[in-house]
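# A structural walkthrough
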Amino acid sequence: MSDERVPVSERHQAFVQVLDSHIIDPGEPSVPFEVELKPPLPKNSRIFLLSLTHSTRDNEYNVQPIEPEGDGELNLDIDAFVVLAGYNDEKDVFALWDADLQREFSYSQTIQIKESTLNKAVREGIARQKRRLRKTPHTEVALAARPDSLKEALIQRYKRTRIRSLIDDHFPDGWKDSPSKHYKIEETIIRFLEDYGDDELTTSKRRQFAQEAVAEDEDVKIDTVQSKCTEDLQTDPDSSDTLTDVFDSRLEEIEKAWKDIQAASESDSSDIEATETDIATPQSSPESWEDVDELIESTESPSQPEDLYFPRGNDERPVLNQIDDALRSGKHIIITGPPGSGKTALAEYVCRHYVNDDYRVATATADWSTFDTIGGYRPESDDQLSFKPGVFLQRLLDPSTLEPKNEWLVLDELNRADIGKAFGSLFSALTHRNISLPFDIKGNQVMLYGDPDTVDATPVTAYNYYIPSDWRLLATMNTADKSSLYQMGYAFMRRFAFISVPVPDPNQVTPDLIKRYINCWDDIEIPDADADIWPEDVTDDGVESPAEQIYEDLSTLWSVLFDEEEGADLQIGPALIKDTVSHTLFELHTSGELDYGNAFAANILPQLDGIPIETATSTIDTLHGRIEANGAGSSQFSKEVPIRTAEQILSDV
């Protein structure tokens, strides 16, 4: 039913079922419908829940706000929180837009969200997408949420709306007139309030941390964020205050108002929380935890996926068979390989094969600690601390329902994390040891059982976490970052099988190989030879079609990167070639030229970080010579952008 409109009653039912325990009055199925929710969700909400379907443009979904069943108006002048949402039954995912920025509906209007955003939400729970609103100066952050994360997404949507309202009250009227300025101010203040609320830090230090986070997210200099934040703030000519002083004083005013709002919300919810504490966090269940130890054994070995291809030598066992062997022998998996080799896609394919959708993906960072992976104490609304599980323990038990889980975990870019700091007790648990964690829940020690068979009873409680014998952790490690590879103890390493993802060697890179890759990439489509988009005489002598020309050019590009004498001697995976051809084809559609220079600069040059600038320049010269100068056709490799980019990002070592 993915391309059909989901009936109103089914959309309403999907919403109500997901939030069942948080709903006081579900309202009637209509567009919109009124619903009364329990704190911390907004109590009175008006939900415009629309059918989310494929857009006419590839890789995009949308909703059309006007429906025969609806009243056709997005009335925001009511005493309720207005939610503009979409639901897709095939993906089983919700999208949430900023209703306050979507005031004018029309039959011709559609509101979009990228398919990649929906897919990320399906994998990770919640995904965010910054999008420019057409015909307005506004930028919004659209959210997508898996059903089990809808509550958190609604809270995020509500907080963003309330915080922006406070900014309206404390900033000049024109602060939203520029999309760039609007987003940077709003994100800085949201991060200041939500991510950097440490009372021990000064306002200016917290503001700086928030602006640094926005700059990193936007890939701009922090000076750019700071100037946008203070652009419209005028100081008193007789005052010694700087623009940042004025901005910080506005932050303090907004924070005071925000704390008042939160205090009022906590007061409203105190009676409900008092009566539901024991229900919301049950301490034990009469059931015992049971291991499903035939999950892997009862599943057939995986076959080669249609959209992934891994070359191998004549005597090499296929990589999927290697992984299957390791899983069946009781090992967890660390998949290694260069950038773009398909490590994460392979890990997800393996998980889907064995456990369907019962897996989650998390990306490791340098900031990770056991707080992120195992868990730790977090403040509740009554200022009391309670234990909250981290990304690892969340795969084993839902503490709110006491439902044991066996969700596999994919840790992407494992070597970005400080292994010892981030995984602590997990090291011991994965070596089949039972661990007492340094936390308690209402006086009960939190336990992590790596070998539950050694205990007489395995009661399901909010403080006992059991690792099933068929639970698996799959991690990826980038071999290009050799400085942090394998920085883990032997006892931990021996629980893993290290499996290298094969990428083509120089002798295997041919036009036929490129063609094979492109044929298995669903989202890469080379126009037919008779398409008007091709420039004249695009093919070299002896090349039959524009597609064949692209296969030739890409094999040349990839081969030069391997070249120890003329190239960068760089091993890269096919995903970077995919990004390059996708970029090139898009530029072909917009400019009418078949030129690989910009695509190379954007997608491959960053992988050369750390090599001498002379080596990069030599590689660029070689590619220019082989693709453009030596060919009779009009395919090009322009040098100007790649050389300028190389000078900006590469080190002279």
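Residues numbered from 1 in each chain as written. Predicted model: local features only at pLDDT ≥ 70, side-chain atom pairs only at ≥ 80, totals over all residues. Heavy atoms only, no water.

## So, the overall build of the chain
Of the regular secondary structure elements, the chain holds 18 helices and 24 strands. Here the chain holds 653 residues, and 49% of them are scored as buried. By element, 42% of the accessible surface of the chain is carried by carbon and sulfur atoms, the whole surface being about 31,500 Å². (Helix = DSSP H or I, 4+ residues; strand = E, 2+ residues; numbered from the N terminus. Buried < 20%, exposed > 50% of the residue type's maximum accessible area, 1.4 Å probe, protein only. Areas by Shrake-Rupley, 256 points an atom, 1.4 Å probe, with all protein chains shown as cover.)

## Points about the pattern of salt bridges
For the structure on display, the rule yields 32 salt bridges. Notably, a salt bridge pairs Glu186 with Arg160, separated by 3.6 Å at the nearest N-O pair. Of this pair, Glu186 sits in helix H4 (residues 179-194) while Arg160 sits in helix H3 (residues 150-170), and the two are 26 residues apart along the sequence. Two residues, Glu407 and Arg360, come together in a salt bridge whose shortest N-O distance is 3.8 Å. Separated by 47 residues along the polypeptide, Glu407 in the loop between strand E17 (403-404) and strand E18 (408-412) and Arg360 in strand E13 (residues 359-363) bring together distant segments of the chain. (Salt bridge = Lys/Arg side-chain N within 4 Å of Asp/Glu carboxyl O.)

## Brief notes about unusual backbone geometry
In this model, Val31 is joined to Pro32 through a cis peptide bond whose omega is -5°. Position of Pro32 relative to the elements: it lies in the loop between strand E1 (23-25) and strand E2 (33-37). Residues other than glycine seldom take positive phi values, yet Asp92 does so here, at roughly 55°. If you trace the backbone, Asp92 turns up in the loop between strand E6 (81-88) and strand E7 (93-97). Its identity is not glycine, yet Asp219 carries a phi of approximately 60°, on the positive side. Tracing the backbone shows Asp219 in the loop between helix H5 (203-218) and helix H6 (222-230).

## Concerning the packing of H4 against H6
H6 packs onto H4 with a crossing angle of 95° between their chain directions and a minimal axis gap of 9 Å. Overall, the two elements H4 and H6 adopt an arrangement that is roughly perpendicular. Contacts between H4 and H6 involve Ser180, Lys181, Lys184, Ile185 and Thr188 from the first element and Thr224, Val225, Lys228 and Cys229 from the second. (Axes fitted to C-alpha atoms, helices over the stretch in contact; angles between N-to-C directions. Parallel < 35°, antiparallel > 145°, perpendicular 65-115°, else oblique. Contact = heavy atoms within 4.5 Å.)

## As for the packing of helix H13 (residues 511-520) against helix H14 (residues 546-562)
Running from N to C, H13 and H14 point in directions that differ by 110°, and their axes come no closer than 8 Å. Classed by the angle they form, the pair H13 and H14 counts as roughly perpendicular. Residues Pro511, Leu513, Ile514, Lys515, Tyr517 and Ile518 of H13 lie in contact with H14, whose contacting residues are Glu548, Tyr551, Glu552, Leu554, Ser555 and Trp558.

## Structural notes on H14
Along its 17 residues, H14 runs 25 Å from first to last C-alpha, staying within 8% of the 24 Å computed at 1.5 Å per residue. Counting buried positions along H14 yields 13 of 17 residues, so the element is predominantly enclosed. (Expected span 1.5 Å × (residues − 1).)

## Quick word on the nonpolar core
Ranked by size, the top nonpolar core spans 68 residues in total, and within it Trp408, Phe423 and Leu448 carry the most contacts. Broken down by element, this core gets its largest block of residues, 7 residues, from helix H9 (residues 343-355). Residues in contact with Leu448, not counting those within four places in the same chain, are Phe392, Leu393, Leu396, Ala429, Arg433, Asn434, Ile435, Leu437, Tyr465 and Ile467. One finds Leu561, Phe600, Leu605 and Leu623 within the second-largest nonpolar core, a separate group that totals 45 residues. (Core = buried A, V, L, I, M, F, W, Y, C linked by side-chain atoms within 4.5 Å.)

## Let's talk about the packing of aromatic side chains
Within the structure shown, the criterion is met by 12 aromatic pairs. Centroid distance Tyr449 to Tyr466: 4.9 Å. Interplanar angle 15°. Geometry classified as stacked. Here the residue Tyr449 occupies a position in strand E20 (residues 444-449), and Tyr466 occupies one in strand E22 (residues 464-466), the gap between them amounting to 17 residues. An aromatic cluster is present here, built from Tyr377, Phe387 and Phe439 joined pairwise through their rings. We note Lys130 situated over the ring of Tyr183; from NZ or CZ to the ring centre the distance is 4.5 Å. Looking at Arg250, its charged tip hangs above the ring of Phe171, at a distance of 6.0 Å from the centre. (Phe/Tyr/Trp six-rings, centres within 6.5 Å; stacked < 30°, edge-to-face > 60°. Lys NZ or Arg CZ within 6 Å of the ring centre and 35° of its normal.)

## Describing the sheet that holds strand E24 (residues 496-500)
Spatially, 5 strands are ordered E13-E18-E23-E12-E24 in an open sheet, and the strand pairing comes out parallel. Edge strands, defined here as strands with exactly one partner in the open sheet, are E13 and E24. Going from strand to strand, the sheet's axes swing by 20° on average, the running direction of each strand aside. The pairing of strand E12 (residues 332-337) with E24 spans 5 bridges and is parallel. (Pairing = 2+ DSSP bridges.)

Geometry only, nothing functional implied.
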